[in-house]
Amino acid sequence: MSSPAVFSTDERIGSLLDQSITRHMMSTLTDQGGKICAEYVWIGGNGGDVRSKGRTLDKMPEKPEDLPMWNYDGSSTGQAPGPTDSEVYLVARAIYKDPFRGGDNILVMCDTYEPPRIMPDGSVKDITPIPTNTRHAAAEIMKRAEDEEPWFGIEQEYTLLNALTKWPLGWPKGGYPAPQGPYYCAAGAGLSIARDICEVHYRCCLYAGIAISGVNGEVLPSQWEYQVGPVIGIAGGDQLWMSRYILHRICEMYNVECTFDPKPIPGDWNGAGGHVNYSTNGTRKEGTGWEVIQEHCAKLGKRHAVHIAAYGEGNERRMTGMHETSNMENFAWGVGNRACSIRVGRMVPVDKCGYYEDRRPASNLDPYVVTKLLVETTLLL
């Protein structure tokens, strides 16, 4: 059966600045006088934006605890009441190599806190997590469940947009390309759009030390996916957030917008998910793991509404029961079934152990929230 004709695009996107000047200066001026550039990265006030700023260190830290606390203007990120009470503290949690500055420079994943305060009785109240700090609660849950060694593999889908028109990159201006079918994992002009961004991101994540395990083109043209994992515990959220930051920085250089909207284009087009693959010592145990997975699914079914409410804003536009999704109103699990809430791989009943995939999270999921809920529901309740 022949596929519909797919035409290439004549759309041209140019960087805002001349990148050759940047490359020349960065590659020529490599002597930093023994100093280290540390880019502190944190999650902003809307829960989906990533912010960062850089500082100079005298030496390379061996662990996050060696890095100094820092602060920023929370009134400018929607995380503080106003200019009269604007300081938010940054605490370093994970360190990665910086693929943009190179050398010994680092990226630092942080979470966010209210600063210390002097109380009316003269005592000092320690830093406390601000409301948008979802990492803090997730880390506490992961600590309680560390004996089960929860593993996560997160599938991050994203869509590339023309930053000027907000229309998918490579699509006809004001129009639509050929219907879905020929684009998934495809190669060729008009089929694979902006592969450069996917490949540069892949390489940058590997360089940074993020456990990126693969990439592929998706069903919607100009949509891509990468996977982070398997990683243990809180590292799942840390690494996914840092991988998003790296992706945004790459798109910034190409003058392209990346969106994690769960349904970027209405109609007969696939949405974008953030499926989470999950296993524990119990599910991975030979002989009995399959029974544990079935127990997990029963627990997840009982808290379906709790999970759905926290699995991504706008997810109702994606989870309609069509386009490889389940209906968000109902919970179901099955073996090899991509129209279910939970998909179990075909080999799990054969091997009697393994992992399963929660297909409900949207592409704009907060991985701290989702991984926390999975562990809480299956191991701690």
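Above this text you will find the structure in question.
Note that the coordinates shown come from a computational prediction; the quantities given were computed from them, not determined experimentally.

**Considerations on the environment of Ala139**
Within the secondary structure layout, Ala139 lies in helix α2 (residues 134–144). Between the C-alpha atom of Ala139 and that of Lys97, which follows or precedes it by 42 residues, the distance is 23 Å.

**As for the pattern of salt bridges**
Close approach of charged atoms allows side chains with opposite charge to pair. Scanning the entire structure with this criterion turns up 17 salt bridges. The salt bridge partner of Arg359 is Glu357, with a shortest N-O separation of 3.3 Å. On the basis of relative accessibility, which here comes to 6%, the residue Arg359 falls in the buried class. Look at the salt bridges and you will find they share partners, linking Glu39, Asp98 and Arg101 into a network.

**Side note on the nonpolar core**
In terms of nonpolar packing, the biggest core is built from 57 residues, with Met109, Tyr158, Leu160, Met242 and Ile246 touching the most fellow members. In terms of residue count, the dominant contributor to this core is helix α4 (residues 235–254) (eight residues). Apart from residues no more than four positions distant in its own chain, Tyr158 is found in contact with Cys198, Ser222, Gln223, Trp224, Glu225, Tyr226, Leu247, Cys258, Thr259 and Phe260.

**Focus: helix α6 (residues 289–302)**
Taking 1.5 Å of rise per residue, the 14 residues of α6 would be expected to cover 20 Å, and the 20 Å separating its terminal C-alpha atoms lies within 8% of that figure. Within α6, the full set of buried residues consists of Gly289, Trp290, Val292, Ile293, His296, Cys297 and Leu300. Mapping the buried residues of α6 onto a view down its axis gives an arc of 155°, with all of them on the same face. Facing away from the buried side of α6, by more than 90 degrees, are the exposed residues Glu291 and Lys302.

**Describing the side chain of Arg244**
Along the polypeptide, Arg244 turns up in helix α4. One buried charge, Arg244, has no salt-bridge partner; the nearest side chain with opposite charge is Asp366, at 6.1 Å. Among the polar contacts made by the side chain of Arg244, one reaches the side chain of Gln156 at a distance of 2.9 Å.

**A look at the packing of aromatic side chains**
Inspection of the entire model under this criterion finds 11 aromatic pairs. Plain terms: the ring middles of Tyr40 and Trp70 are 5.1 Å apart, the flat faces sit at 80° to each other, and that makes the pair edge-to-face. Of this pair, Tyr40 sits in strand β1 (residues 36–43) while Trp70 sits in strand β3 (residues 70–73), and the two are 30 residues apart along the sequence. You'll find Tyr40 and Trp70 in the same group, each marked buried. When the ring of Trp42 is compared with that of Tyr72, the centres are 4.3 Å apart and the planes differ by 25°; the resulting orientation is stacked. Of this pair, Trp42 sits in strand β1 while Tyr72 sits in strand β3; the two residues are 30 residues apart in sequence, bridging distant segments of the chain. Exposure class is identical for Trp42 and Tyr72. Each is buried. Taken together, the aromatic side chains of Trp167, Trp171, Tyr176 and Trp269 make up a single cluster linked through ring pairs. In this structure, Arg55 is placed above the aromatic ring of Trp70, and the distance from its NZ or CZ to the ring centre is 4.8 Å. A cation over an aromatic ring shows up here: Arg244 above the ring of Phe260, its NZ or CZ 5.0 Å from the ring centre.

Each value, and the rule that gives it
- Residues numbered from 1 in each chain as written.
- Predicted model: local features only at pLDDT ≥ 70, side-chain atom pairs only at ≥ 80, totals over all residues.
- Heavy atoms only, no water.
- Helix = DSSP H or I, 4+ residues; strand = E, 2+ residues; numbered from the N terminus.
- Salt bridge = Lys/Arg side-chain N within 4 Å of Asp/Glu carboxyl O.
- Buried < 20%, exposed > 50% of the residue type's maximum accessible area, 1.4 Å probe, protein only.
- Core = buried A, V, L, I, M, F, W, Y, C linked by side-chain atoms within 4.5 Å.
- Contact = heavy atoms within 4.5 Å.
- Expected span 1.5 Å × (residues − 1).
- Arc of directions from axis to C-beta.
- Lys, Arg positive; Asp, Glu negative; His and termini not counted.
- Polar contact = N/O pair within 3.5 Å; in protein donor to acceptor, adjacent residues only side chain to side chain.
- Phe/Tyr/Trp six-rings, centres within 6.5 Å; stacked < 30°, edge-to-face > 60°.
- Lys NZ or Arg CZ within 6 Å of the ring centre and 35° of its normal.

Interpretation in functional terms is not warranted from these geometric data alone.
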